[in-house]
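Each chain is listed here by its residues.
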Amino acid sequence: EIAGMPKTLHATQPELRARSECLVAVYEAERSADPWRLGRTSETPSPEQWLSNTIFSDFGHIACAELIAQRLASGGRSHSIYRYQFDGFGGRGAHHGHELELCLGDGSRLERGSEEARKMWLDSWASFVRSGDPNSDAMASAWEPYDGTGRTLMLWDGLTG
């Protein structure tokens, strides 16, 4: 399902090459536009390494999370679905699982995140456990239920929340 696998299953080599080149062109446009303001190669030594890192992250984590959300949302399988994407600390260091620094331990050894973001994160988790909705009183409906459009994805930063 990821990357249109049913469509590529019986594709010819030239068709696969054309699709790959199209995909790389889209990623190159993103790298050049630098929408996350991280610099054109972020913290990687080259555009090629940036491309590899970004594609593996997108296919290994983001696409899988989207597929899970789609399946949970279909056919009333879950009451409500919420999705977030951790954007690191000030837009940097957004590696898989790094948001756990904000919710584990007593906070006295918080190395990168802010106490404010940690409090918001813990309040959201507590609210979600309590009610099935991650919006705390202070968040004023910032979390929106998943609707499959991508507009309801909560972007979370370890410094600003």
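Up top is the structure.
Residues numbered from 1 in each chain as written. Predicted model: local features only at pLDDT ≥ 70, side-chain atom pairs only at ≥ 80, totals over all residues. Heavy atoms only, no water.

> So what exactly am I meant to see when it comes to the overall build of the chain here?
The helix and strand inventory of the chain stands at 4 helices and 2 strands. Listing the helices and strands of the chain from first to last along the sequence gives α-α-α-β-α-β. Its C-alpha atoms give the chain principal-axis dimensions of roughly 55 × 45 × 25 Å. Put simply, 50% of the contacts in the chain that link residues at least 6 apart link residues at least 24 apart. Accessible surface, the chain as shown: approximately 10,800 Å² in total, 57% of it carbon and sulfur. (Helix = DSSP H or I, 4+ residues; strand = E, 2+ residues; numbered from the N terminus. Contact = heavy atoms within 4.5 Å. Areas by Shrake-Rupley, 256 points an atom, 1.4 Å probe, with all protein chains shown as cover.)

> Before we go on, may I ask you to explain the environment of Phe56 in this structure?
Mapping Phe56 onto the fold places it in helix α3 (residues 47–73). We classify Phe56 as exposed; its relative accessible area is 62%. Remark: the alpha-carbon pair of Phe56 and Ala29, spanning 27 residues in sequence, is separated by 17 Å. (Buried < 20%, exposed > 50% of the residue type's maximum accessible area, 1.4 Å probe, protein only.)

> Even after reading the chapter, I still don't get the packing of aromatic side chains, so can you show me in this structure?
How two aromatic rings sit relative to each other is given by the distance of their centres and the angle of their planes. Per the stated rule, a full pass over the model turns up 9 aromatic pairs. Arranged with centres 5.0 Å apart and planes meeting at 80°, the rings of Tyr84 and Trp121 form a pair that is edge-to-face. Highlighted residues: Tyr84 in strand β1 (residues 84–86) and Trp121 in helix α4 (residues 115–131), separated in sequence by 37 residues. Centroid distance Tyr84 to Trp143: 6.3 Å. Interplanar angle 80°. Geometry classified as edge-to-face. Taken together, the residues Tyr84 in strand β1 and Trp143 in the loop between α4 and β2 (154–156) connect sequence positions 59 residues apart. Residue Trp143 is classed as buried on the basis of its relative accessible area of 6%. An aromatic cluster is built from Tyr82, Tyr84, Trp121, Trp125, Phe128, Trp143 and Trp156, whose rings are joined through pairwise contacts. (Phe/Tyr/Trp six-rings, centres within 6.5 Å; stacked < 30°, edge-to-face > 60°.)

> I'm lost on the layout of surface pockets in this one. Help?
Unfilled space is identified by rolling a water-sized probe across the atoms. Its volume calculated, the second largest pocket comes out at about 370 Å³. Forming the walls of the second largest pocket are 15 residues, and the residues nearest its centre are Tyr82, Arg83, Tyr84, Trp125 and Phe128. Of all elements in the fold, only α3 and α4 reach the threshold of two or more residues within the lining of the second largest pocket. In terms of residue class, the lining of the second largest pocket is made up of 12 nonpolar, 2 polar and 1 charged. (1 Å grid on protein atoms, 1.4 Å probe; cavity = no way out; pocket = protein on both sides within 12 Å on 5 of 7 lines; lining within 4 Å. Points joined across faces, edges and corners; volume = space filled by probe spheres on them. Nonpolar A, V, L, I, M, F, W, Y, C, P; charged D, E, K, R; others polar.)

> Would you mind showing me how to read unusual backbone geometry here?
Excluding glycine, a negative phi dihedral is what most residues carry, and trans is how most peptide bonds are arranged. Phi at Ala140 takes a positive value of approximately 45°, unusual for a residue other than glycine. With relative accessibility at 62%, the residue Ala140 sits in the exposed group. Its identity as a non-glycine residue notwithstanding, Ser141 has a phi of 65°, on the positive side. The exposed category is assigned to Ser141, whose relative accessible area is 56%.

Shape descriptors only; they carry no functional weight alone.
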